[in-house]
Amino acid sequence: MNLVIALVGRPNVGKSTLFNQMTRSRDALVADFPGLTRDRKYGEGNYENQRFIVIDTGGLMGDELGLDAAMAKQSLQAVEEADIVLFIVDGRAGVMPGDQVLADQLRRSGTQAHLVINKTDGQDPNLVASDFYALGFQSQFRIAASHNRGVRSMLEILLPTPEEDADIDGAHNHPGIRIGIVGRPNVGKSTLVNRMLGEERVVVYDLPGTTRDSIYIPYERLGQEYTLIDTAGVRRRKNVREVVEKFSIIKTLQAIDDAHVVILVIDAREGLVDQDMHLMGFVLSAGRSLVIAINKWDGMNGEDRDKVKEQIRRRLDFLDYADKHYISALHGSGVGVMYQSVNACYESAMAKWPTNRLTTILEDAIAQHQPPMVHGRRIKLRYAHQGGSNPPTVVVHGNQTDSLPGAYKRYLENSFRKVLAVTGTPIRFEFRSSE
Ligand code: GDP
Ligand code: GDP
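Rules behind the numbers
Residues numbered from 1 in each chain as written. Chains lettered and ligands numbered in written order. Predicted model: local features only at pLDDT ≥ 70, side-chain atom pairs only at ≥ 80, totals over all residues. Buried ≥ 20, exposed ≤ 12 C-beta atoms within 10 Å, placed from the backbone. Helix = DSSP H or I, 4+ residues; strand = E, 2+ residues; numbered from the N terminus. Pairing = 2+ DSSP bridges. Near = placed C-beta within 6 Å. Nonpolar A, V, L, I, M, F, W, Y, C, P; charged D, E, K, R; others polar. Domains from an automatic or database assignment. Contact = placed C-beta atoms within 7 Å. Expected span 1.5 Å × (residues − 1). Right-handed = clockwise from strand over helix to strand, strands pointing away. Core = buried A, V, L, I, M, F, W, Y, C linked by C-beta atoms within 7 Å. Axes fitted to C-alpha atoms, helices over the stretch in contact; angles between N-to-C directions. pLDDT = per-residue confidence, 0-100.

**Q** Where do I start with the pairing of strand β11 (residues 261-267) in this structure?
**A** In the case of a regular strand, side chains alternate between the two sheet surfaces. Most of β11 sits inside the fold, with six of its seven residues counted as buried. Of the strand pairs in this sheet, strand β7 (residues 177-182) and β11 are connected by four bridges, and their pairing is parallel. Looking at the pairing, V182 lines up with L264 of β11. Note: β11 against strand β12 (residues 289-295), seven bridges, orientation parallel. Bridged to D267 within β12 is N295.

**Q** What is the right way to read the site of ligand 2 from this model?
**A** In the vicinity of ligand 2 lie 16 residues, with G188, K189, S190, T191 and L330 positioned nearest. Counting residues per element, the shell around ligand 2 draws most heavily on helix α7 (residues 189-198), which supplies three residues. Partitioning the shell around ligand 2 into residue classes produces five nonpolar, eight polar and three charged.

**Q** In this structure, what is going on with the domain arrangement of the chain? I would like to understand it.
**A** For an interface, size is often stated in terms of accessible area lost upon the parts coming together. Domain parsing of the chain yields domain 1 (3-158), domain 2 (170-349) and domain 3 (355-433). Counting residues at the interface gives 15 residues for domain 2 and 11 residues for domain 3. Only β12 and α12 (338-350) provide two or more residues apiece to the side of domain 2 that touches domain 3. Top element by residues in the side of domain 2 that touches domain 3 is α12. It accounts for five residues.

**Q** Before we go on, may I ask you to explain helix α10 (residues 274-285) in this structure?
**A** Structural remark: α-helix, 3.6 residues per turn; residues separated by three or four positions point the same way. Between its terminal C-alpha atoms α10 stretches 16 Å, which fits the 16 Å expected from 12 residues at 1.5 Å a residue. Of the positions making up α10, those classed as buried are D276, L279, M280, F282, V283, L284 and S285. In this structure, the buried residues of α10 make contact with β2 (42-47), β7, α9 (249-258), β11 and β12. Positioned one or two residues after α10, G287 has a phi angle of 80 degrees, which is positive.

**Q** I would appreciate a short explanation of the environment of Q123 in the present structure.
**A** Inspection of the secondary structure puts Q123 in the loop between β5 (113-118) and α4 (125-132). With 31 residues separating them along the chain, Q123 and R92 place their C-alpha atoms 7.9 Å apart. If near-sequence neighbours (up to four positions away) are discounted, Q123 is found in contact with G91, R92 and V128.

**Q** Which parts of the structure should I look at to understand unusual backbone geometry?
**A** Note that the residue after N390, namely P391, is joined by a cis bond; omega there is 10 degrees. Here P391 lies in the loop between β16 (380-388) and β17 (393-399). One non-glycine residue, K119, lies in the positive phi region at around 60 degrees. With respect to the element layout, K119 can be found in the loop between β5 and α4. Exposure remark for K119: the 23 C-beta atoms within 10 Å place this residue in the buried category. Residues other than glycine seldom take positive phi values, yet H375 does so here, at roughly 50 degrees. Take H375: there are 6 C-beta atoms within 10 Å of it, and that puts it in the exposed class.

**Q** Mind showing me how you'd approach the pairing of strand β13 (residues 323-326) here?
**A** With four bridges joining them, β12 and β13 adopt parallel strand pairing. For A293, the partnering residue across the bridge sits in β13 and is H325. The parallel pair β12 and β13 is bridged by helix α11 (residues 302-315), and the resulting crossover is right-handed.

**Q** In this structure, what is going on with the nonpolar core? I would like to understand it.
**A** Generally speaking, nonpolar side chains in soluble globular proteins are found buried as a group. Counting 86 residues, the largest nonpolar core has F87, L264 and A293 as the members making the most contacts within it. At six residues, β11 tops the list of elements feeding residues into this core. In this structure, this core is formed jointly by two domains, domain 1 (3-158) and domain 2 (170-349), each of which donates at least three residues. Ranked by size, the runner-up nonpolar core spans 14 residues in total, among them L358, L381, A384 and V394.

**Q** What exactly am I supposed to notice about the sheet that holds strand β8 (residues 202-204) here?
**A** Strand pairing within a sheet occurs via backbone hydrogen bonds; the two strands may be parallel or antiparallel. One open sheet accounts for seven strands, arranged β8-β9-β10-β7-β11-β12-β13; its pairing is mixed. Here the strands that pair on one side only, and so sit at the sheet edges, are β8 and β13. Going across the sheet, the axis of each strand differs from the next one's by a mean of 25 degrees, ignoring polarity. Of the pairings in the sheet, the one linking β7 to strand β10 (residues 224-230) comprises five bridges and is parallel in character. Across the sheet, the residue bridging to R178 is T227, located in β10. Each of β7, β8, β9 (215-221), β10, β11 and β12 is contacted by α7, which is oriented at about 160 degrees to β10, the strand it contacts most.

**Q** Looking at this structure, how should I read the confidence of the model for the chain?
**A** When pLDDT is low, close inspection of the predicted coordinates is not appropriate. Confidence in the prediction for the chain averages 83 pLDDT; 84% of positions are at 70 or higher. Between residues 61-68, whose pLDDT stays under 50, and residues either more than four places distant or in other chains, the model counts 11 contacts. Residue range residues 235-245 is modelled with pLDDT below 50. Its contacts to residues more than four positions away, or to other chains, number eight contacts. At the level of chain-chain contacts, confidence expressed as ipTM amounts to 0.81, with global pTM at 0.79.

The structure is reproduced here in structure tokens:
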């Protein structure tokens, strides 16, 4: 389970600049997914191997920008659920009325926030800070997000040490293949969870102490252990209010992170919508295996089915390695078969490959298609070894690897994927250059 950091503040104080700085280290390791725009509001960060989730709550002060109420509500909820709230202000503008309003709002909600004074570049640090004491925060950081100044030392202080983190991380206590069920509200997650647990030959164990976030349900099916990560909270739902508020982006992001395999549920009757694509982007950038369940397939006529299939084919052509299942969670059709994909995904995510095998694949790929020249010299890729699992990570050593174009990285990923028969999971590449 990762720490969640929420960024709060008026428009233009530098939230998205900070967001980019905090998530950038992560991006560098991930090949681009053509055809997929990533949600700029939710990202993964990595500082000294400490992973965290960053949320830019741009919508919080958004009413004047005409952002819809649902989004503002998600943002507020995100603030409440976050582990760390950073309240960003503009060190050049000084304290603005909006800052005061937000600070009061945070205080009223009981959320503990740290004050982050941004845009301190070229300013006298002492002068900058004094103004903001009036906002009444106990701790404050001074940064210049656009110069990436002060950001790392802030994270150093905010993030737990790896030892502390080991205490927080409970995900690994859950047995077997961890399956995260995610999707927008009303796509049928709860129905699917109930269906998967209610299937014949499924033995559901007693729930151990539940965590703060999603519900982890251990069970066994055909001799294989699984833990279902239920973001919809089926098993815990008690009253109507909870039904309304059950969708939580943080739960969703945590579930993705904790999972080996994510089943992304899509509502066939609505087709693919932007939020589906954003969730997909998060699954892929978190490096998780993905199975796509197109739900509510029952009772749709042939013409509508063709339309949905065509849309999926067109918009998800970059995801040809992920299995798609057309299912009815309500009636159960297609649900059992999904386990074959889940199991195959898990195997791919956890596979171990010897160095000589990876290096041979690299050599063959280069022989068929050389990396380009940079500054009159050809980029050299020498050998590859495995850097980790879930996501399977291939570390490639060579020269000038910083200049390797995205298209070539994708070519490499496809070559490795084909030979290694990796299904459902992205392969992450890290490039190490000796010059
Ligand atoms: P947001 O609306 O809070 O997400 O703010 P943005 O990240 O879009 O930043 C608003 C403006 O402030 C942009 O023009 C940024 O380039 C600028 N900005 C952000 N951080 C800094 C900083 O540390 N120093 C300076 N001088 N400008 C910054
Ligand atoms: P969640 O918000 O994603 O957990 O969605 P729910 O499981 O609560 O389902 C939302 C609505 O869709 C409910 O009325 C379900 O009965 C309905 N639903 C779920 N799965 C199916 C399905 O496979 N077919 C049909 N026709 N309706 C479904």
